[in-house]
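Coordinate inspection notes
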Amino acid sequence: GCELTASTKSYTFQVDKEDDSDHILALSVVCLTDGAKDECNVVEVVGRNHENQEIAVPVANLKLSCQPLLSLDNFKLQPPVTFRLAAGSGPVHLAGWHRIVHREDASFEEDDDLSEEE
């Protein structure tokens, strides 16, 4: 997780470019935390589209008096991704999970198949 505030308005999640594993980042909950004011707090996800252009999409608009918490039901993202507090002063806490899927070596799998046939 991470926390966005007036002094820390963004957080970027990225993985090592040398890593050949597949990474999935899923956003579960966005919520206001202790000390939040009753103002609109807009959280954006900044990523890249298929043409490698930066795009920003608002995913949450939280206000202490009417919607202090939003469940995003494991909204899946592909790193690198930046979370940005586009409006408000927070603090806003983001929670989720990160899954690493290791790619298996295809030549190793072929060797296994040959030994099973014998």
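Our subject in this report is the structure included herewith. (Residues numbered from 1 in each chain as written. Predicted model: local features only at pLDDT ≥ 70, side-chain atom pairs only at ≥ 80, totals over all residues. Heavy atoms only, no water.)

1. Observations concerning the nonpolar core
Inside soluble globular proteins, nonpolar side chains tend to come together where they are buried. Our working rule: To qualify as a nonpolar core, a set must consist of buried Ala, Val, Leu, Ile, Met, Phe, Trp, Tyr and Cys residues joined through side-chain atoms within 4.5 Å. Relative accessibility thresholds used throughout: buried, under 20% of the residue-type maximum; exposed, over 50%; partly exposed, between the two (1.4 Å probe, protein chains only). Strands here mean DSSP runs of E at least two residues long; helices mean DSSP runs of H or I at least four residues long; both are numbered from the N terminus. Between two residues, a contact is recorded if the distance between any of their heavy atoms is within 4.5 Å.
Core analysis: the biggest nonpolar cluster contains 20 residues, and V30, V43, V81, F83, V92 and L94 have the highest contact counts within it. Contributing elements (two or more residues each) for this core: β1 (2-4), β3 (22-32), β4 (41-48), β5 (54-62), β6 (69-77), β7 (81-87) and β8 (92-101). For this core, the element with the highest residue contribution is β3, accounting for 4 residues. What V43 contacts, discounting residues up to four positions off in sequence, is L4, V30, V57, P58, V59, A60, R84, L85, V92 and L94.

2. Regarding the environment of T33
Quick note on the threshold: Each polar contact in these results corresponds to two N or O atoms within 3.5 Å; when the atoms are within protein, one needs to be able to donate a hydrogen and the other to accept it, and residues that are neighboring in sequence are counted only if both atoms are side-chain atoms.
Mapped onto the fold, T33 is located in the loop between β3 and β4. Sequence-wise, T33 and G90 are 57 residues apart; in three dimensions their C-alpha atoms are separated by 7.6 Å. Among residues more than four places away in sequence, those in contact with T33 are E3, P91, V92 and H93. At 3.3 Å, the side chain of T33 and the side chain of E3 are in polar contact.

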